[in-house]
Amino acid sequence: MSGPSTGWEIVVGLEVHCELQTKTKLFCACPNAFGDEPNTNVCPVCLGLPGSLPVLNEQAVELAMRIGAALHCEVRSSSFHRKNYFYPDMPKDYQISQYDQPINVGGYLELPDGSRVGIVRAHIEEDTGKTSHRGESGRIHSADYALVDYNRSGVPLVEIVTEPDIRSAAQARAFVAELRGVLVAAEASDARMEEGSLRIDANVSVRAEGTEQLGTRCEIKNLNSLRSLGLAIEHEAARQVAVIDAGGRVVQETRHWDEQGGRTVPLRSKEEAFDYRYFPEPDLVPLDPDADWKARAAAGVGMLPAERRARLAALVGSPTSQQTDQLQAAVDQGLDDLVVAAVEAGAPAGLALVRAVNELAVDLVAARALDPGSFAALLQLEESGALSPTQAKTVLATLRDAGGGDPGAIARSKGFEALAEATLEGVVRDVVDAHPDEWARYLAGDDKLAGFFTGQVMKATSGKANGKAVAGALRRLRG
Amino acid sequence: MSEQSATLGREDVAHVASLARLALTDEELDRFTVQLARVIDHARDVAALDVAEVEPTSHPVPMRNVLRPDVVGECLGRHEVLAAAPECEDGRFKVPRVIGEAP
Ligand SMILES: [Zn+2]
């Protein structure tokens with residue numbers, strides 16, 4: 001399924017919660033850590049015990065401002081509110097969040113295809129504890145009871161809310177992928193969807209193509225991967241179109257993505273709409289960062305993915321569309337620094353990019369640790385024709401596993417001596433003599449036969465010959 | 001606060017009570033409706049003051065940026081934490097079955 005039927009347009013806005021990479025929680029000194037024993041990183045503040053008081057974590061504010069700067073937001077003075085609701089994962093019975101005065105407002109994120117998604121706001125709030133539903137099926141509705149771990153309670157979050165600017169499932173995925181790169185570059189969050197440090201809700205509606213009025217939206221929760229995000233948007237849009245086509249009306253509601261069933265299902269309808277009764281948090285004073293602090297936070301944003309792509313594109317020259325994909329992959333996989341360093345050490349940029357994305361990406365951890373000098377030396381051997389592409393790939397695998405080394409020595413140890421020019425000439429001559437008809441056609445101007453002869457020479461030399469050297473020998477024989 | 005706020009109805013009080021998970025009897029609803037209406041009326045008196053010359057503030061205390069460094073401190077022991085729970089299992093708080101997802 002690729003979206004709703006023709007004539008309809010999908011409109012999506014996202015709410016992204018990302019956990020900040022601080023050492024401690026937002027309002028207390030408990031460790032902000034994933035995967036520890038349940039209820040070991042808790043104190044009176046994050047358990048909501050009476051008489052405890054929150055004190056704001058300076059580093060959480062700094063990281064929130066970094067995110068704002070990276071998303072081109074206006075960073076302003078802000079305040080905290082209490083959002084009141086009853087749920088066992090929130091022991092205070094309210095969540096401290098930012099309401100009408102968020103720290104970051106009005107930015108945008110530009111995607112690799114050049115489209116821009118507006119950012120409404122990116123505010124600070126605290127995370128909730130983690131509830132596991134227990135019972136025979138393990139599902140929410142049929143659970144017998146629930147168990148709660150408050151280690152996550154009070155972990156600092158930034159909630160990023162986009163404008164409804166997204167027009168397809170693919171664009172939504174591209175947005176989240178790009179945002180993840182931005183958060184990692186800013187060292188604000190590790191942004192791991194699989195560990196829940198990046199969580200997404202999607203507001204989805206449909207409208208007839210060419211119309212302006214937004215349709216009624218549904219909010220989809222439980223999107224734990226880019227894949228679920230894309231599938232859920234497509235299925236939900238198709239469901240809404242079917243409802244409208246059947247003469248019905250879309251009802252505004254919260255729906256849950258059922259991964260196994262491949263559909264969205266309504267959450268049990270609420271007796272009344274949520275009324276959070278926000279009011280100012282009396283225990284926290286306003287937050288008003290001065291210009292110096294804002295500038296320091298902005299300076300902490302590392303090189304963003306867009307800048308990294310531009311840097312590689314400049315090295316390559318004018319990238320082909322295939323190279324554009326390759327340089328995006330290199331940035332996504334964190335291999336761009338290696339490519340840049342290898343080029344600085346004398347490697348040809350296009351070849352460095354291809355070998356990084358195709359050969360090195362099979363083991364990213366090892367690839368990122370590879371010595372760029374060794375990588376560059378290997379690429380030079382391949383470029384000069386001293387090693388064939390097949391040989392170069394084999395040597396590169398050894399270099400990657402060892403973290404570096406002398407590619408020439410590795411090649412010799414594998415018996416990858418390039419054929420001496422004289423030997424190669426002899427082989428080419430033998431091949432030509434064995435195929436007089438083809439040679440005659442080649443002499444008559446059928447250049448396609450160069451490929452045939454190269455293939456025959458490769459076969460005769462078990463792949464040790466270099467393609468360029470063979471082409472040179474053929475040209476010389478033709479005279 | 002607008003002019004109509006004086007007419008706080010019984011339904012408003014019932015609504016607020018249900019949001020706060022308070023089960024009020026009919027007699028309590030009547031009593032609290034009168035009391036709450038008085039509180040709202042007082043807010044209306046305040047709203048009637050001329051504050052054109054007063055700088056708006058979001059907080060009564062003239063302080064900003066009260067922050068702490070991001071340094072790990074002491075946590076409670078899990079034993080102590082769970083001792084306060086009516087029921088626990090697997091190092092976690094055991095709670096009645098939950099209807100719906102967190103808002
Ligand atoms: Zn704590």
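The model shown is predicted, which means the values in this text are computed figures rather than measured ones.

A. Region of interest: the packing of aromatic side chains. A full pass over the atoms with the stated rule returns nine aromatic pairs over all chains. With a centroid separation of 3.8 Å and an interplanar angle of 10 degrees, the aromatic rings of Tyr99(A) and Tyr278(A) are classed as stacked. Placement of the pair is Tyr99(A) in the loop between strand 5 (94–97) and strand 6 (104–110) and Tyr278(A) in the loop between strand 14 (263–266) and strand 15 (279–280), with a sequence separation of 179 residues. Taking the relative accessible area as the measure of exposure, Tyr99(A) reaches 37% and is therefore partly exposed. A centroid spacing of 5.3 Å and a plane angle of 40 degrees characterise the contact between Trp439(A) and Tyr442(A), whose relative ring orientation is tilted. Here Tyr442(A) and Trp439(A) lie together in helix 14 (residues 436–443), a separation of three residues that amounts to about one turn. Neither Trp439(A) nor Tyr442(A) differs from the other in exposure class; each is buried. Against the face of Tyr442(A) rests Arg478(A), its NZ or CZ located 4.3 Å from the ring centre. When the ring centre of Phe32(B) is taken as reference, the NZ or CZ atom of Arg31(B) above it lies at 5.3 Å.

B. Examining helix 5 (residues 305–316) of chain A more closely. Residue and element names in this part refer to chain A. Helix length check: helix 5 (twelve residues) gives 17 Å between terminal C-alpha atoms against 16 Å at 1.5 Å per residue, within 8%. If you check which residues of helix 5 are buried, you get Pro305, Arg308, Arg309, Leu312 and Ala313. What you see down the axis of helix 5 is that its buried residues fit within an arc of 135 degrees, all on one side. Turning to helix 5, the residues buried within the fold contact helix 2 (169–185), helix 6 (321–332), helix 7 (336–344) and helix 8 (349–359). Positive phi appears at Gly317, one or two residues downstream of helix 5, with a value of about 105 degrees.

Basis of the calculations
Residues numbered from 1 in each chain as written. Chains lettered and ligands numbered in written order. Predicted model: local features only at pLDDT ≥ 70, side-chain atom pairs only at ≥ 80, totals over all residues. Heavy atoms only, no water. Phe/Tyr/Trp six-rings, centres within 6.5 Å; stacked < 30°, edge-to-face > 60°. Helix = DSSP H or I, 4+ residues; strand = E, 2+ residues; numbered from the N terminus. Buried < 20%, exposed > 50% of the residue type's maximum accessible area, 1.4 Å probe, protein only. Lys NZ or Arg CZ within 6 Å of the ring centre and 35° of its normal. Expected span 1.5 Å × (residues − 1). Arc of directions from axis to C-beta. Contact = heavy atoms within 4.5 Å.

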